[in-house]
Amino acid sequence: MYVESTLDHYLALAESAALSAVSCLQNGAVVTAANVAAARALVDRFETLCTRIVVPFADSPVIRDDGYRNISDWLAFNTHARPSEGEQRIAHGEVFAKLSGWSDAVDAGTIGVSHVSVIANALTKARLPFLVRDAEMMLVWAQTLSLSNFRRAVALWVSHCDDALGDPTAENEHEEARRVQLSPTSGGMWILNGLLDALGGEALSKALEAAMPKPCEGDNRTPAQRRHDALIDIAHESLANEGR
């Protein structure tokens, strides 16, 4: 019997397989280390698949016709996505489009989506030529370093790029200077103070921007107050996802 091979068909097969795996667990299946590794690799593969689906849909007139400003708003309302997910999907899609081999590496399980996020946060128009030049080297870093060491390596790479680009602030951005201090006050408030490195600052700036929709009518918060609320939303989201 002929079965039409459409995207709907394959997604339905994937959903069916996931439900069957859940049923298997509910029936007492013994979980092995290989099962855990395979399930975690599938998460990254499906994250990449979702990006490949979301990126072309982001330009669909359906989004505007339905009254949404962008793909982030559409995803947040129509799915269980966090407010920043649409922007993250577009950023990951940019990495896959500009750097050959990165989406294939996720598919092969040699790197994770977290590595792609690090590169997406480092990607700017000015740094793009350097990133294309060094893409193969950075892929090796992602495949051989721990995630934390990979972040440090990319942060150092960003600093060198900005030096080469003549960024006047680059020479002041030393790894030893990075810090975040959070202290409670006697009045119940908290004082936040810090200095972020180039990559960390860009990542936080993008995250805050993605978590700050344009103020609606009646929203009288100052920009600083809106950034505060966005940062708290990001913190709550991280705590909510901690056990996932």
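The rules behind these values
Residues numbered from 1 in each chain as written. Predicted model: local features only at pLDDT ≥ 70, side-chain atom pairs only at ≥ 80, totals over all residues. Heavy atoms only, no water. Helix = DSSP H or I, 4+ residues; strand = E, 2+ residues; numbered from the N terminus. Contact = heavy atoms within 4.5 Å. Areas by Shrake-Rupley, 256 points an atom, 1.4 Å probe, with all protein chains shown as cover. Lys, Arg positive; Asp, Glu negative; His and termini not counted. Charge placed at Lys NZ, Arg CZ, Asp CG, Glu CD. Salt bridge = Lys/Arg side-chain N within 4 Å of Asp/Glu carboxyl O. Buried < 20%, exposed > 50% of the residue type's maximum accessible area, 1.4 Å probe, protein only. pLDDT = per-residue confidence, 0-100. Patch = residues over 30% accessible without salt bridge, like charges linked within 9 Å, V, L, I, M, F, W, Y side chains within 5 Å. Axes fitted to C-alpha atoms, helices over the stretch in contact; angles between N-to-C directions. Parallel < 35°, antiparallel > 145°, perpendicular 65-115°, else oblique. Nonpolar A, V, L, I, M, F, W, Y, C, P; charged D, E, K, R; others polar.

## What to know about the overall build of the chain
- Counting its regular elements, the chain contains 11 helices and 2 strands.
- Helices (α) and strands (β) of the chain occur, in sequence order from the N terminus, as α-α-α-α-α-α-α-α-α-β-β-α-α.
- Its C-alpha atoms give the chain principal-axis dimensions of about 65 × 50 × 45 Å.
- Here the analysis covers contacts within the chain between residues at least 6 apart in sequence; of these, 53% occur between residues at least 24 apart.
- Of the roughly 16000 Å² that the chain leaves accessible, carbon and sulfur atoms contribute 58%.
- Here the chain holds 21 positive side-chain charges and 32 negative ones, and the gap between their average locations is 2 Å.

## Quick look at the pattern of salt bridges
- Counting across every chain of the model gives 12 salt bridges.
- Across the pair Arg52 and Asp107 runs a salt bridge whose closest N-O atoms are separated by 2.9 Å. With Arg52 in helix H2 (residues 33-57) and Asp107 in helix H6 (residues 102-108), this pair connects stretches of sequence that are 55 residues apart.
- Look at Asp107 and you get partly exposed, because its relative accessible area is 26%.

## Some points on the confidence of the model for the chain
- Overall, the prediction assigns the chain a mean pLDDT of 86, with 93% of residues at 70 or greater.
- Averaged pLDDT values for the elements of the chain fall to 81 in helix H10 (residues 198-210) and rise to 93 in helix H1 (residues 7-26).

## Some words on the side chain of Arg226
- Structurally, Arg226 can be placed in helix H11 (residues 223-240).
- One buried charged residue, Arg226, remains without a salt bridge, the closest side chain of opposite sign being Asp219 at 4.0 Å.
- With near-sequence residues (within four places) excluded, Arg226 lies in contact with Met212, Pro213, Lys214, Pro215, Asp219 and Arg221.

## So, a nonpolar patch on the surface
- Residues Val180, Leu182, Trp190, Leu192, Leu196, Leu204 and Leu231 make up a contiguous nonpolar surface patch of about 670 Å² in total accessible area.
- Put simply, the parts of the chain that give the nonpolar patch at least two residues each are strand S1 (179-184) and strand S2 (190-195).
- Considering the arrangement of structural elements, one finds Leu192 in strand S2.
- Overall, the relative accessible area of 53% leaves Leu192 in the exposed class.

## Examining the packing of helix H4 (residues 71-78) against helix H5 (residues 85-98)
- Where H4 meets H5, the closest approach of the two axes is 7 Å, and the angle between their N-to-C directions is 125°. Regarding the angle of H4 to H5, the classification is oblique. Touching Ile71, Ser72 and Leu75 of H4 are Glu85, Gly86, Glu87 and Ile90, all from H5.
- Taken together, the residues that form the contact of H4 with H5 break down as 3 nonpolar, 2 polar and 2 charged.

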